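Listed here are the chains, written in short residue letters.
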Amino acid sequence: MSFDPLLMKQAVFINGAWLPADSGETLDVTNPATGAVIGTIPNCGRSETARAIEAAHLAFKDWKTLTAEARGNLMHKLCDEIMAELDDLAALLTTEMGKPLAEAKGEIALGVKYIRFYAEEAKRVYGDVIPSPWGDRRILVTKEPVGVAGAITPWNFPNSMIARKLGAALAAGCTMVIKPSEFTPYSALVFGVMAERAGLPAGVVNIVTGDAPQIGAEMCENPSLRKITITGSTRVGKLLAENAGKHMKKISMELGGNAPFIVFDDADLNKAVAGAIASKFRNSGQTCVCANRIYVQAGIYDAFAQKLKEAMDAQLTPGNGLDTGVTQGPLINDAALAKVEAHVSDALGKGATLMTGGTRVEGAGTFYAPTLVTGATLDMRVAREETFGPFAALFKFDTEDEAIARANDTEYGLACYFYTQDLGRTFRVMERLEYGLVGVNEGVITTEVAPFGGFKDSGIGNEGSKYGLDDYLNLKYACLGGLGV
C-alpha cells in the first residue's frame, strides 16, 4: 500500500513555511520492516529551534485572545483534515514505524479524539469567585495559557503522542514547538500540512527535526518558551527537568514504565489471556504501558501459561505492517532488537523455560518472534528493566500480599493490570498498587476522557481528560479593592 507523497514532508515547519536546516544537513529515515531508506529530514539545532520559538511566541499574542469557541472550531477543522487522509496517513505511519496498518489507523483516530475532546473542553476553563474576608474587596481566580509549549515526542506512537499534547495546548490558548523522534518524523510533520489546510495561523504549530540535545537545550534555556512536555525515557526526562528547572519552566513528563500484570487464581482465564495478549504485544511490545512482568498465582500458573502460548501461536503473526494478516510489526531499530535478545538470553541463562519464540525472524527488517518463558525469577533483567519488545516472562506467586509487594518493587509507577473476580480483592489491590493507571480485568485502558500519568520515576502531570488541560494553564488571583462597604 502506498500513500500520497505530498504528505511526506522532508522539511521543517516554522512560522507557516517549509524549510531546510540552516546547515543543509539531513538525516536518513528508514523503514524498519525492510531496512530501506524512505527519505530524509533536516538536521536542525539551536538556531532553527530559536526561530520556531520566536514564531510561536509572536503567534501566541493573537491565539490566546481568540475565544474558546473560535479555537475549538479551528481544532475541529484540523481533525476533519486528518480524518480525510486517514488511509494515507496510516500507511505513512506504518512505513516509517512498522506497526500493522490497523493499529496505525487506530492510533490516528485516537489522536483525533484527543484533539476533538480538547476543542470542546476549551469552553470549560472555569475560574472562581471566592467569598472575600473583606467587605470592600472581591477575590477572582482565572486561568490563563502558559505560553509557548515545547513538545518532545517518541517514535512508538508518533501521531497520538503529539495529538494529545497539541490538543490540550491549543485549547488552553498556547502555541507549540514540536520535536519528534528522528526515527518517525513524517507522522509529526503531517501536522504542519494539516494545520495549513485547516487554516491555523502561522506560528501556532511549529515542527523541528534533528539534533535532540541541541533542540532540547534551546527549549530549556530560551525564555520565550514557558513549558516543556515530553513522552520518552526517564533518563532524558530527568535531564530536561533539571535544565528546565533552572529557568522555572512548567513541565509535564510521561516517562518509563515497568508494568506488572497480575493474574489471581479466581480470574477468568480466557479474559486474562486476551488481556495479556493486548497489553503485552500491542505495537510489538513497544509501549510504555505494556505488561512487562506477568505475575500468575500458583494455582493457575500452568493453565495460564499453556493458554497464553496457544493464543500467541494462533494470533501473533510477524511481518511488514502493510501486509494483510500481520499483527506484529518490526522493532524500531537494531538497538531495540538487541535489547530483546539480551533479555531473552538472560532469562534462559538463569533457568527460565522457553515456551514459544526466542529467535529473530529471518529476512530483512528488525523482527523478533513473540516469545514466552515460564519460571521467571527476580534476578532476571526482565524483572527490573523495561524490555520494550515482544517478550512475555511469567513469574509465579502464592499470596495477594506477595503479588502487591513484587508489583510495587520498582522505581516506576505508570501502568499496572490485574485480573480477579473478587470484588473485595478488586478494591484492596487497586488501592495498594502504586501506579497512576490501573487496569482491572482490562488490558488496554487508554482513552481521551481519562487522565494518563504516572507516579515516581514514571513522570509528572497528566495528559488527556479535563485534568490534562491544567498542565497548560496558569492560575491568576486578582483582588479587586475599593468597592465600598
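Computed from a predicted structure; not experimentally measured.

Colleague: Got a minute to help me understand the overall build of the protein in this structure?
Modeller: The secondary structure content of the protein amounts to 15 helices and 22 strands. A compact globule built from 485 residues would reach a C-alpha radius of gyration of about 23 Å, and the protein, at 23 Å, matches this within 12%. Its C-alpha atoms put the protein at 75 × 60 × 40 Å along the principal axes. The buried share of the protein, taken over its 485 residues, is 55%. Of the contacts made within the protein by residues no fewer than 6 positions apart, 74% connect residues no fewer than 24 positions apart. When the accessible surface of the protein is totalled, it reaches about 18,700 Å², and 53% of it is carbon and sulfur. Computed over 46 positive and 57 negative side-chain charges, the separation of the two mean positions in the protein equals 5 Å.

Colleague: Help me understand helix α9 (residues 269-281) in this model?
Modeller: An α-helical turn contains 3.6 residues, so a residue and the one three or four places further along point in the same direction. For α9, spanning 13 residues, the distance from its first C-alpha to its last is 18 Å, which sits close to the expected 18 Å at 1.5 Å a residue. Within α9 the residues assigned to the buried category are Leu269, Ala272, Val273, Gly275, Ala276, Ile277, Ser279, Lys280 and Phe281.

Colleague: Got a minute to help me understand the sheet that holds strand β6 (residues 138-145) in this structure?
Modeller: Strand-to-strand pairing in sheets goes through backbone hydrogen bonds, with the strands running parallel or antiparallel. Strand order in the open sheet formed by 3 strands is β5-β6-β22, with antiparallel pairing between adjacent strands. At either end of the open sheet lies a strand with only one pairing partner, and these are β5 (128-130) and β22 (473-480). Ignoring which end each strand starts from, the neighbouring axes of this sheet average 25° apart.

Colleague: Could you clarify how one ought to interpret the environment of cysteine 479 in this entry?
Modeller: When you line up the elements, cysteine 479 lands in strand β22. By relative accessible area, which is 38% here, cysteine 479 ends up partly exposed. If near-sequence neighbours (up to four positions away) are discounted, cysteine 479 is found in contact with Trp134, Arg137 and Arg138.

Colleague: Mind showing me how you'd approach the packing of α9 against helix α10 (residues 301-315) here?
Modeller: Axis angle and axis distance: for two packed helices, these are the angle between their axes and the distance between the axes, and together they describe the pair. In contact at an axis separation of 10 Å, α9 and α10 are set at 55° when each is read in the N-to-C sense. On the basis of their axis angle, the class for α9 and α10 is oblique. Remark: the crossing between α9 and α10 carries right-handed chirality. Residues Leu269, Asn270, Ala272, Val273, Ala276, Ile277 and Phe281 of α9 form the contact with α10, whose participating residues are Ala303, Phe304, Lys307, Leu308, Ala311, Met312 and Gln315. For the contact of α9 with α10, the per-class residue count stands at 11 nonpolar, 2 polar and 1 charged.

Colleague: Could you clarify how one ought to interpret the pairing of strand β4 (residues 37-42) in this entry?
Modeller: As a general feature of sheets, a regular strand has side chains that alternate between the two faces. Pairing between strand β3 (residues 26-30) and β4: 5 bridges, direction antiparallel. Within the sheet, the bridge partner assigned to leucine 27 lies in β4 and is isoleucine 41. The hairpin turn running from β3 into β4, its antiparallel successor, is 6 residues long, and glycine 35 in that turn takes a positive phi close to 80°.

Colleague: Would you mind going over the packing of aromatic side chains with me for this structure?
Modeller: Each pair of aromatic rings is reported with the distance of its centres and the angle of its planes. Applying the stated criterion to the full structure yields 8 aromatic pairs. Residues phenylalanine 13 and tryptophan 18 carry aromatic rings whose centres are separated by 4.6 Å and whose planes lie at 40° to one another, so their mutual orientation is tilted. With relative accessibility at 4%, the residue phenylalanine 13 sits in the buried group. Put simply, the rings of Phe261, Tyr417 and Tyr419 touch in pairs and so form one group of aromatic residues. A cation over a ring is seen here: arginine 137 above tryptophan 134, with NZ or CZ 4.1 Å from the ring centre.

Colleague: Explanation requested: the pattern of salt bridges in the structure shown.
Modeller: If charged atoms from side chains of opposite charge come close, those side chains can pair. A full pass over the atoms with the stated rule returns 29 salt bridges. Across the salt bridge formed by glutamate 463 and arginine 164, the nearest N and O atoms sit 2.6 Å from each other. Of this pair, glutamate 463 sits in the loop between β21 (459-460) and α15 (465-469) while arginine 164 sits in helix α5 (residues 160-172), and the two are 299 residues apart along the sequence. Per residue, the accessibility class of glutamate 463 equals that of arginine 164, and both read buried. Residue aspartate 346 is joined to lysine 350 by a salt bridge in which the shortest nitrogen-to-oxygen separation is 2.9 Å. Since its relative accessible area comes to 16%, aspartate 346 is described here as buried.

Colleague: Is there a simple way to explain the sheet that holds strand β19 (residues 437-440) in this structure?
Modeller: The strand order β14-β15-β16-β13-β12-β18-β19 describes an open sheet built from 7 strands, whose pairing is mixed. With partners counted over all chains shown, the strands left at the sheet margins are β14 (353-356) and β19, one partner each. Between one strand axis and the next, the sheet turns through 20° on average, direction left out of account. When strand β18 (residues 415-419) meets β19, the two strands line up parallel, connected through 4 bridges. Considered in β19, the bridge of alanine 415 is made with leucine 437. Against the sheet, helix α13 (residues 400-408) makes contact with β12 (259-263), β13 (291-297) and β16 (391-397), and its axis sits at roughly 140° relative to β16, the strand it touches most.

Colleague: Explain the side chain of asparagine 43 to me, please; I cannot follow it from the model alone.
Modeller: Note on placement: asparagine 43 falls in the loop between β4 and α1 (46-63). For asparagine 43, the side chain forms a polar contact with the main-chain nitrogen of aspartate 211, separated by 3.4 Å. With near-sequence residues (within four places) excluded, asparagine 43 lies in contact with Ala21, Ser23, Glu25, Thr26, Leu27, Thr209, Gly210 and Asp211.

Colleague: Which parts of the structure should I look at to understand unusual backbone geometry?
Modeller: Trans is the common state for peptide bonds, and a negative phi is the common state for residues other than glycine. One non-glycine residue, lysine 456, lies in positive phi territory at about 55°. Here the phi dihedral of serine 465 falls at roughly 65°; this positive angle occurs in a residue that is not glycine. Accessibility expressed as a relative area gives 1% for serine 465, which makes it buried.

Colleague: Which parts of the structure should I look at to understand the state of the cysteines?
Modeller: Any covalent bond linking the sulfur atoms of two cysteines counts as a disulfide. Under the criterion given, the structure shown has 0 disulfides. Cysteine 79 takes part in no disulfide bond, and the closest cysteine sulfur, belonging to cysteine 174, lies 17 Å away. By relative accessible area, which is 0% here, cysteine 79 ends up buried.

Reading the values: rules and limits
- Residues numbered from 1 in each chain as written.
- Predicted model: local features only at pLDDT ≥ 70, side-chain atom pairs only at ≥ 80, totals over all residues.
- Heavy atoms only, no water.
- Helix = DSSP H or I, 4+ residues; strand = E, 2+ residues; numbered from the N terminus.
- Rg over C-alpha atoms; globule rule 2.2 N^0.38 Å.
- Buried < 20%, exposed > 50% of the residue type's maximum accessible area, 1.4 Å probe, protein only.
- Contact = heavy atoms within 4.5 Å.
- Areas by Shrake-Rupley, 256 points an atom, 1.4 Å probe, with all protein chains shown as cover.
- Lys, Arg positive; Asp, Glu negative; His and termini not counted.
- Charge placed at Lys NZ, Arg CZ, Asp CG, Glu CD.
- Expected span 1.5 Å × (residues − 1).
- Pairing = 2+ DSSP bridges.
- Axes fitted to C-alpha atoms, helices over the stretch in contact; angles between N-to-C directions.
- Parallel < 35°, antiparallel > 145°, perpendicular 65-115°, else oblique.
- Left-handed = near helix turned anticlockwise from the far one by under 90°.
- Nonpolar A, V, L, I, M, F, W, Y, C, P; charged D, E, K, R; others polar.
- Phe/Tyr/Trp six-rings, centres within 6.5 Å; stacked < 30°, edge-to-face > 60°.
- Lys NZ or Arg CZ within 6 Å of the ring centre and 35° of its normal.
- Salt bridge = Lys/Arg side-chain N within 4 Å of Asp/Glu carboxyl O.
- Polar contact = N/O pair within 3.5 Å; in protein donor to acceptor, adjacent residues only side chain to side chain.
- Disulfide = S-S within 2.5 Å.

Keep in mind these values describe shape, not function.
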